[in-house]
Amino acid sequence: MSASKLQESEVRIAHSLHTKEEEFVVKRRQKVFQSLQKLKIHCSQDKVPHFALLGSGGGQRAMVGLLGSLVQLDKAGLLDCILYLSGVSGSTWCMASLYQEPDWSTKLETMKNKIIKRLSGPKVSWGDAFAKLKKYYYEKDIFSLTDVWAVLVVTEYVKEIDENTLTEKQNQHSEDPFPIYTVIDKQYKQNSWFEISPHEAGYSLTGAFVGTSSFGSQFDKGSKKKPQPETDMLYLQALCGSALADGEEIKKFLWQKIKGEAAFQDSLLHKVDTPPAEKGYQVLMDLVDMNLAVLNGKEPSAFEQSIRTTLNALGGGKKLIFPTEKLNLADKQAAKLYMKQYTEDVCNNLSSWLKPLCICFTEVWIKICKCMAQWLWGRKYDFLHNMDDETVPHTLLKSEKRDYEDAGLLLNSPYFSMLREERNIDLIISLDFSEGDPFMTVREAADMCKKLKIPFPEVNIPSEDVEKPKDFYVFKGKNAPTVIHIPLFNVVNCGDNIEAWWNNYGTFQDSYSAEMITDLMDVAGKNISNNREKLKEQIQAVIEQKLHK
């Protein structure tokens, strides 16, 4: 095949599975068949059921909870029955850690100890983190807050900079379930579910995909025009795990985070005798403080005056467009718009002054502040740009760029990647680590499926179970996969202390200690070990159902 034909084939409009995934499924079915035989669960080789394990979002709680669940599935002899492993947000952090290691499921106890040691160990150094941030900034066309989130936030939890890629590891997991990471397209509200596997990335329900190594590259009419570096696993974890980045409180958090990293930047500046750099840096820090002041409803005029004075010293202050007189703190929406415009104005002013001086590290911070003003997350080139296909929505064909974000902002469990008809999933085991209503994900999945006319069992929950959930729920429906729903904290593994467990393991808190990790893994694992026989019964029931189809 010619080079041009290879380029054209990177974009695929079809609902069928990628050929490499199909090949994997054929081989994995043999593994599942052997595993069922060991469990004394009988089925014929041509009727081997397809099982999917789903991990919900929930930050580091989901990361640790999924690991504990997988360890117990392995001990129960059930892990080798799983065909697909799919995650949202924090669950993808666990997946990324595991899939670093070839055939991780054959040495899970070793992997568990290795991961616990890393998670309870030291954080990534600021020098390494800032070097990675600069690498993201200079190596690709589009920089967004997802890059910042990866370096400043995700590394705090996962304690490493994972520069591996999915495609580098795609042939090293013949013994493991097939991994699928999930996000959503922010602008494509209808059927926005987007999946990323070792082979391709794309819209699960629309049926439009691109090779994973080219996800983010610039395409036109299905041909690659400008390659971009393949998304590495640190960035992928940030792309999947940025639901925490939604809302005003997180804006405060990020501005504070940027300010908190100033000590390292300040030490750099003291080593370089560049007064313009120092002044530019001072403007940026005042700009950060000004944004924080407005978000907290405080008068920011002192910071604005400092910004104007420093810019005047640089020779650029007179170009500022937005005077503070326009700022009305009483009107939150107006204040938000004002700060967006003001921040961009200051950054443009500063950038035009400092760029000729080649002050590179300040340039990165200017870009971060611009991204904060625009609240820009997960932006990538649209691989469907200018294609001509009536089966793909017009909006996906005409845009030059798309914004991707944490799927938890739509649905906090990756049901829709598994509900593709061509995957033929018979049984879904949903591990729910979500905070709040322990049944929200399965209820919302049922509601969405009803609207989209996708087969899904009816979900009925006893009202008393909302406050005191049990540890095992089964939902069945005609021509729909069986769904097993397992809430993390429940009356079986926590007794009357469910609220205390939630208080100890909030979604957004400092990284867990080794003891906290071990305790959480134990409680998550009980949801599997306590229900081993029930899981086997449901597997047997699914096989019998297949026999009568």
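Quick notes on the rules
Residues numbered from 1 in each chain as written. Predicted model: local features only at pLDDT ≥ 70, side-chain atom pairs only at ≥ 80, totals over all residues. Heavy atoms only, no water. Helix = DSSP H or I, 4+ residues; strand = E, 2+ residues; numbered from the N terminus. Rg over C-alpha atoms; globule rule 2.2 N^0.38 Å. Buried < 20%, exposed > 50% of the residue type's maximum accessible area, 1.4 Å probe, protein only. Contact = heavy atoms within 4.5 Å. Areas by Shrake-Rupley, 256 points an atom, 1.4 Å probe, with all protein chains shown as cover. Lys, Arg positive; Asp, Glu negative; His and termini not counted. Charge placed at Lys NZ, Arg CZ, Asp CG, Glu CD. Expected span 1.5 Å × (residues − 1). Bend = angle between axes of the 7 residues up to and from the residue. Domains from an automatic or database assignment. Pairing = 2+ DSSP bridges. Salt bridge = Lys/Arg side-chain N within 4 Å of Asp/Glu carboxyl O. Phe/Tyr/Trp six-rings, centres within 6.5 Å; stacked < 30°, edge-to-face > 60°.

*Asks:* Sorry, what's going on with the overall build of the chain here?
*Replies:* For the chain, the helix and strand inventory stands at 21 helices and 14 strands. For 549 residues, the compact-globule estimate of 2.2 N^0.38 gives 24 Å, and the chain sits close to it at 25 Å. When the backbone C-alpha atoms are referred to their principal axes, the chain occupies close to 80 × 65 × 40 Å. By residue count, 58% of the 549 residues in the chain fall in the buried class. In the chain, the share of contacts with a sequence separation of at least 24, taken over all contacts with a separation of at least 6, comes to 73%. Looking at the chain as shown, the accessible area adds up to about 23100 Å², and 49% of this sits on carbon and sulfur atoms. In the chain, 68 positive and 74 negative side-chain charges are present, and the distance between their average locations comes to 2 Å.

*Asks:* How do you make sense of helix α7 (residues 145-158) when you look at a structure like this?
*Replies:* An α-helical turn contains 3.6 residues, so a residue and the one three or four places further along point in the same direction. In this model, α7 (14 residues) spans 18 Å end to end at C-alpha, consistent with the 20 Å of a helix rising 1.5 Å per residue. Where α7 bends most, the angle comes to about 30 degrees, and this point is Val151. Buried residues dominate α7, accounting for 13 of its 14 residues. Lys159 sits one or two positions beyond α7 and adopts a positive phi of about 60 degrees.

*Asks:* Please explain the environment of Ile307 as it appears in this structure.
*Replies:* Considering the arrangement of structural elements, one finds Ile307 in helix α12 (residues 301-314). Taking C-alpha positions, Ile307 is 60 Å from Asp80, a pair spaced 227 residues apart along the chain. Not counting chain neighbours up to four residues away, the residues in contact with Ile307 comprise Val283, Asp286, Leu287, Met290, Tyr342 and Val346.

*Asks:* Which parts of the structure should I look at to understand the domain arrangement of the chain?
*Replies:* Much of the literature gives interface size as the accessible area that the parts lose upon coming together. Here the chain is partitioned into domain 1 (11-122 + 163-212 + 403-548) and domain 2 (264-357). Computed from C-alpha coordinates alone, the two centres of domain 1 and domain 2 are separated by 45 Å.

*Asks:* Looking at this model, I keep getting lost on the pairing of strand β14 (residues 482-487). Mind explaining?
*Replies:* In the case of a regular strand, side chains alternate between the two sheet surfaces. Buried residues dominate β14, accounting for six of its six residues. Neither face of β14 is open: one carries Thr482, Ile484 and Ile486, the other Val483, His485 and Pro487, and all of them are buried. Pairing of strand β13 (residues 473-475) with β14, which is carried by three bridges, proceeds in the antiparallel orientation. Note that in β14 the partner of Tyr473 across the bridge is His485.

*Asks:* Looking at this structure, I do not really get the pattern of salt bridges. What am I missing?
*Replies:* When charged atoms on two side chains of opposite charge get close, those side chains can pair. Applying the stated criterion across every chain, the model contains 27 salt bridges. Residues Glu195 and Arg420 are paired through a salt bridge, measuring 2.9 Å at the closest nitrogen-oxygen approach. With Glu195 in strand β5 (residues 193-196) and Arg420 in the loop between α16 (415-418) and β12 (427-432), the pair connects residues that are 225 residues apart, well separated along the chain.

*Asks:* I would appreciate a short explanation of unusual backbone geometry in the present structure.
*Replies:* Note on backbone geometry: most residues besides glycine have negative phi, and most peptide bonds are trans. We note that Lys221 has phi near 55 degrees; this positive angle belongs to a residue other than glycine. In this fold, Lys221 is placed in the loop between β8 (218-220) and β9 (223-226). With a phi angle near 65 degrees, Asn386 is a residue other than glycine that sits in the positive phi range. By the secondary structure assignment, Asn386 is in the loop between β10 (379-381) and α15 (394-398). Owing to a relative accessible area of 28%, Asn386 belongs among the partly exposed residues under this scheme.

*Asks:* Please clarify how the packing of aromatic side chains should be interpreted in this entry.
*Replies:* In total, this model carries 28 aromatic pairs according to the counting rule given. Taking the centre distance of 6.0 Å and the plane angle of 10 degrees together, the rings of Phe130 and Trp365 count as stacked. Here the residue Phe130 occupies a position in helix α6 (residues 126-139), and Trp365 occupies one in helix α14 (residues 360-374), the gap between them amounting to 235 residues. Per residue, the accessibility class of Phe130 equals that of Trp365, and both read buried. An angle of 85 degrees between the planes, with centres 4.8 Å apart, marks the rings of Tyr137 and Tyr138 as edge-to-face. In this structure an aromatic cluster arises from ring pairing among Tyr188, Phe194, Tyr203, Phe215, Phe383 and Tyr404.

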